[in-house]
Amino acid sequence: MSILRYTVTACLVSMGILAHAQDQAVYNNYISNQGILNPAYNGSRDVISALAIFRTQWTGFTGAPFTGGINIHGQVDKMKDLGVGAVIQNDHSGFTNNLEFFAAASYRLKIDKRTDLRLGLQMGFKNIIYNASKAVTVDYGDPVFDGRISKFGFNFGIGGYLINKDYFAGISIPRFLANRYDSDKQQIKNKVSFKDLHIYVYGGYVFTVTDYKIKPTALIRMVPGAPLTFDVSCSVLFADRLWVGLSYRTVTDIVAMLEYQVNQSWGVKYSFDFPLNDIKSYTVAGSHEIAVQYDFSLTRRPGMRSIRYF
């Protein structure tokens, strides 16, 4: 029975890890949390920037995913071309919990007076926990589902980021390795798997129409062997404080987005997903995402930073 227990549990955790490898966490506010998506973004602002974001998906659906992330980044004072940052992200779905920590760095190359190209690298680890004991079984105390596995894996990611006062564009592979569970050795194997690579290409532009700022953006997700997916969105800035926007995610969601700049340091963001696929029959109130951003400087007084729309 002990052999059966560990064999089945190993199979279950492997299935959980493999399923997760095909679907990295998805955020609506990908423009606001680019430091989580792309290591090259870290250090691109002229202040220290801290972002906390939380997403709960398919409200009311048992075992539905929820994700949280924190990104802190800034420039190195004596080396203005160098940016550093840290990302902590926790993604929970069903019986599987994935906790990740990455340290990131980027380097700026000046294209012209208004345009920078940043190249970034991040490295870190993932803690994968699969808790089969949470399963609801017919037989109480079934030993097959009385196991908990916790393993660590290494990963790294790369990216590029082109930034101008009016537009931006990025490309990234946030995780280059597939963290596979080896049931024989009962450990995580870190290996390159091209079929599991998630490649993100995105960008946006800010232009002025009378007294309003309009910001169309788009993001494309490419996974070899999987259908191409994309997000397209458009937001309008009112009174230099409130962004109101709509987004469409391929086949699955229509998203309403709000962002309010409280002052030069604090900003809050909220979005609501309305599913377009069959999941709408089972979820009570769609998906929700909320984020708080705080910009500050250790060397300058508040209000010195330039206006940024992304």
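First, a word on what this report is: a plain description of the structure on this page. Predicted model, so just to flag it, every value in this text is computed and none were measured. (Residues numbered from 1 in each chain as written. Predicted model: local features only at pLDDT ≥ 70, side-chain atom pairs only at ≥ 80, totals over all residues. Heavy atoms only, no water.)

### Digging into the overall build of the protein
So, step 1. Across its full length, the protein carries 2 helices and 17 strands.
So, step 2. Buried positions account for 46% of the 310 residues belonging to the protein.
So, step 3. Carbon and sulfur atoms form 65% of the exposed surface of the protein, whose accessible area is close to 15,900 Å². (Helix = DSSP H or I, 4+ residues; strand = E, 2+ residues; numbered from the N terminus. Buried < 20%, exposed > 50% of the residue type's maximum accessible area, 1.4 Å probe, protein only. Areas by Shrake-Rupley, 256 points an atom, 1.4 Å probe, with all protein chains shown as cover.)

### Concerning the pattern of salt bridges
So, step 1. Tallying each qualifying case throughout the model produces 13 salt bridges.
So, step 2. When the shortest N-O distance is used, the salt bridge between Lys110 and Asp116 registers 2.9 Å.
So, step 3. Look at Asp116 and you get buried, because its relative accessible area is 12%. (Salt bridge = Lys/Arg side-chain N within 4 Å of Asp/Glu carboxyl O.)

### Focus on the environment of Ile279
So, step 1. Tracing the sequence through the fold places Ile279 in the loop between strand 16 (266-275) and strand 17 (287-296).
So, step 2. When the C-alpha atoms of Ile279 and Phe61 are compared, they prove to be 9.0 Å apart, with 218 residues separating the residues in sequence.
So, step 3. Those residues in contact with Ile279 that sit more than four places away from it in its chain are Trp58 and Phe61. (Contact = heavy atoms within 4.5 Å.)

### Points about unusual backbone geometry
So, step 1. In the Ramachandran plot, Thr210 falls in the positive-phi region, its phi being about 50 degrees despite a non-glycine side chain.
So, step 2. Tracing the backbone shows Thr210 in the loop between strand 11 (207-209) and strand 12 (212-222).
So, step 3. Here Thr210 falls in the exposed class, since its relative accessible area comes to 64%.

### Here we look at the packing of aromatic side chains
So, step 1. Counting across every chain of the model gives 15 aromatic pairs.
So, step 2. Consider the rings of Tyr167 and Tyr205, whose centres lie 6.3 Å apart with planes at 5 degrees: the pair is stacked. Highlighted residues: Tyr167 in strand 7 (residues 167-173) and Tyr205 in strand 10 (residues 199-205), separated in sequence by 38 residues.
So, step 3. By relative accessible area, Tyr205 is classed as partly exposed at 39%. (Phe/Tyr/Trp six-rings, centres within 6.5 Å; stacked < 30°, edge-to-face > 60°.)

Everything listed here is a matter of geometry and, on its own, says nothing about what the molecule does.
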